[in-house]
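Each chain, written out:
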Amino acid sequence: MPRNEEISRRTESSLQHGQGSLRGDVKTFPYIDLIREHLAQGRILDAKNLLEFARDVIPPDSKLLKVLAPPRIKKSDQLGVDRSNEFRWLRENNARYQGQWVALTDDGLFASAATLADLLVELRASPPPVEPLIHHLI
Amino acid sequence: MAQLDSGAAYSMLDVEVAQSLGLLDGDGEPAQVHTRHGIIKGHLERVSLVLIADEGEPLEVETTFLISREWSGRTFLGYTGFLERLRIALDPVVNDFYFGEPE
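Residues numbered from 1 in each chain as written. Chains lettered and ligands numbered in written order. Predicted model: local features only at pLDDT ≥ 70, side-chain atom pairs only at ≥ 80, totals over all residues. Heavy atoms only, no water.

Caption draft 1: Representation of the overall build of chain A within the structure. Of the regular secondary structure elements, chain A holds 6 helices and 4 strands. Within chain A, counting contacts between residues at least 6 apart in sequence, those at least 24 apart form 42% of the total. In the form shown here, chain A has an accessible surface area of approximately 8,600 Å², with 50% of it arising from carbon and sulfur atoms. (Helix = DSSP H or I, 4+ residues; strand = E, 2+ residues; numbered from the N terminus. Contact = heavy atoms within 4.5 Å. Areas by Shrake-Rupley, 256 points an atom, 1.4 Å probe, with all protein chains shown as cover.)

Following this line, the structure appears as structure tokens:
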């Protein structure tokens, strides 16, 4: 049987049986391996469903619990600024600077470079008076 | 800036942004995703970002991104683990994006 079908069959079987009839085998069942296999194959929902089913037997320090956890959302105090001029510049200059990283302020283009690393070096060497909008034109 | 993609399974970072954040060589869980560019393999990392608001309250979101050297596109904010947990609305006439906490 192809490996993917075997994994899906084992997963489905484990979910159907629930904790009752497999209670004795819960702690030895390779849930972590199966979850990782689901992730490696791009089956995110299968990975999340199996994690939720086996949550009680997953070690609390497992990285899987962190990366498959729902996002944490909270209010931020970071204020935005009006970027109308920057967005207008991007619309007008998109083709001309295609492929470039640009740093924009209200006055227009402050700096540009082929890579983000080079742009950040430029900005550190000559900081703009305000925090720029950095964008990659691709 | 990032692109919203409600059809994207994962959120993904521009590879240069990931590199500048020190995430490119992380040891997160291996994962892959099917995209229009083919299968992209990478690893999962927890990333914090701020949705800055032109009006109203900004939100800080900590969520999982797929980090990959194979990704040649821009930063995408996908559905699973990001958009699905926000209250969102789009006004395509003026290209406005509304967002808010789930409750």
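Caption draft 2: Main features of the nonpolar core. Counting 24 residues, the largest nonpolar core has Ile-35 and Leu-39 of chain A together with Tyr-10 of chain B as the members making the most contacts within it. Counting residues per element, the ones that place at least two in this core are helix H2 (31–40), helix H3 (44–53) and helix H4 (63–67) of chain A together with strand E3 (30–35) and strand E4 (38–51) of chain B. In terms of residues, this core owes the most to one element, H3 of chain A, which gives 5 residues. Sequence-distant contacts of Tyr-10 of chain B, that is, excluding residues within four places in its chain, are made with Leu-39 and Ile-44 of chain A together with Ala-31, Gln-32, Val-33, Leu-44, Leu-66 and Gly-78 of chain B. Judged by nonpolar contacts, the second largest core, of 16 residues, contains Ala-18, Leu-59, Phe-65 and Leu-83 of chain B. (Core = buried A, V, L, I, M, F, W, Y, C linked by side-chain atoms within 4.5 Å. Buried < 20%, exposed > 50% of the residue type's maximum accessible area, 1.4 Å probe, protein only.)

Caption draft 3: Region of interest: the packing of aromatic side chains. Throughout the structure, instances matching the rule amount to 5 aromatic pairs over all chains. With a centroid separation of 5.6 Å and an interplanar angle of 75 degrees, the aromatic rings of Trp-71 of chain B and Phe-76 of chain B are classed as edge-to-face. Of the residues examined, Trp-71 of chain B reaches a relative accessible area of 5% and is grouped as buried. Residue classification places Phe-76 of chain B among the buried residues on the basis of a relative accessible area of 8%. Taken together through their ring pairs, the aromatic side chains of Phe-29, Tyr-31 and Phe-53 of chain A make up a single cluster. (Phe/Tyr/Trp six-rings, centres within 6.5 Å; stacked < 30°, edge-to-face > 60°.)

Caption draft 4: Quick peek at the environment of Gly-42 of chain B. Residues and elements named next belong to chain B. Turning to its location among the elements, Gly-42 is positioned in strand E4. Overall, Gly-42 belongs to the buried group, its relative accessible area being 18%. Note: C-alpha distance between Gly-42 and Gly-28 (14 residues apart in sequence) is 8.8 Å. Residues within four places of Gly-42 in sequence aside, it is in contact with Glu-29, Pro-30, Ala-31, Leu-66, Ile-67 and Ser-68.

Caption draft 5: Quick peek at the interface of chain A and chain B. Taken residue by residue, the interface counts 36 residues in chain A and 39 residues in chain B. The tally of links from chain A across to chain B stands at 5 salt bridges. As a salt-bridge pair, Glu-101 of chain B and Lys-75 of chain A come within 2.5 Å of each other at their nearest N and O atoms. At the junction of chain A with chain B, the criterion picks out 15 residue pairs in polar contact (both at pLDDT 80 or more). (Salt bridge = Lys/Arg side-chain N within 4 Å of Asp/Glu carboxyl O. Polar contact = N/O pair within 3.5 Å; in protein donor to acceptor, adjacent residues only side chain to side chain.)

Caption draft 6: Quick look at the sheet that holds strand E2 (residues 101–105) of chain A. Residues and elements named next belong to chain A. The antiparallel open sheet is built from 3 strands, whose spatial order is E3-E2-E4. If you trace the sheet from one side to the other, it starts and ends with strand E3 (108–113) and strand E4 (133–136), each paired once. The mean inter-strand angle of the sheet, taken between neighbouring strand axes irrespective of direction, is 25 degrees. Packed on one face of the sheet, helix H5 (residues 84–93) meets E2, E3 and E4 and runs near 140 degrees to E2. Packed onto the sheet, helix H6 (residues 116–125) meets E2, E3 and E4 and runs at close to 125 degrees relative to E3. (Pairing = 2+ DSSP bridges. Axes fitted to C-alpha atoms, helices over the stretch in contact; angles between N-to-C directions.)

Caption draft 7: Spotlight on unusual backbone geometry. The backbone of Asn-95 of chain B sits at a positive phi, close to 60 degrees, despite the residue not being glycine. Tracing the backbone through its elements, the reader meets Asn-95 of chain B in the loop between strand E7 (87–91) and strand E8 (96–100).

Caption draft 8: Quick peek at the packing of H2 of chain A against H3 of chain A. Residues and elements named next belong to chain A. Here H2 crosses H3 at 160 degrees, and the two axes come no closer than 8 Å. Considering their axes alone, H2 and H3 lie roughly antiparallel with respect to each other. The hand of the H2/H3 crossing is left-handed. On the side of H2, the interface is formed by Tyr-31, Leu-34, Ile-35, His-38 and Leu-39, while H3 contributes Asp-46, Ala-47, Leu-50, Leu-51 and Phe-53. Its residues assigned to classes, the contact of H2 with H3 shows 8 nonpolar, 1 polar and 1 charged. (Parallel < 35°, antiparallel > 145°, perpendicular 65-115°, else oblique. Left-handed = near helix turned anticlockwise from the far one by under 90°. Nonpolar A, V, L, I, M, F, W, Y, C, P; charged D, E, K, R; others polar.)

Caption draft 9: The side chain of Ser-11 of chain B, seen in detail. Residue and element names in this part refer to chain B. Tracing the sequence through the fold places Ser-11 in strand E2 (residues 11–12). By relative accessible area, Ser-11 is classed as buried at 0%. Reaching out from Ser-11, the side chain makes a polar contact with the backbone nitrogen of Gly-78 at a distance of 2.9 Å. Ignoring any residue separated from it by four or fewer positions in sequence, one finds Ser-11 in contact with Thr-64, Phe-65, Leu-66, Phe-76, Leu-77, Gly-78 and Phe-82.

Limitation: the analysis is restricted to geometry and does not speak to function.
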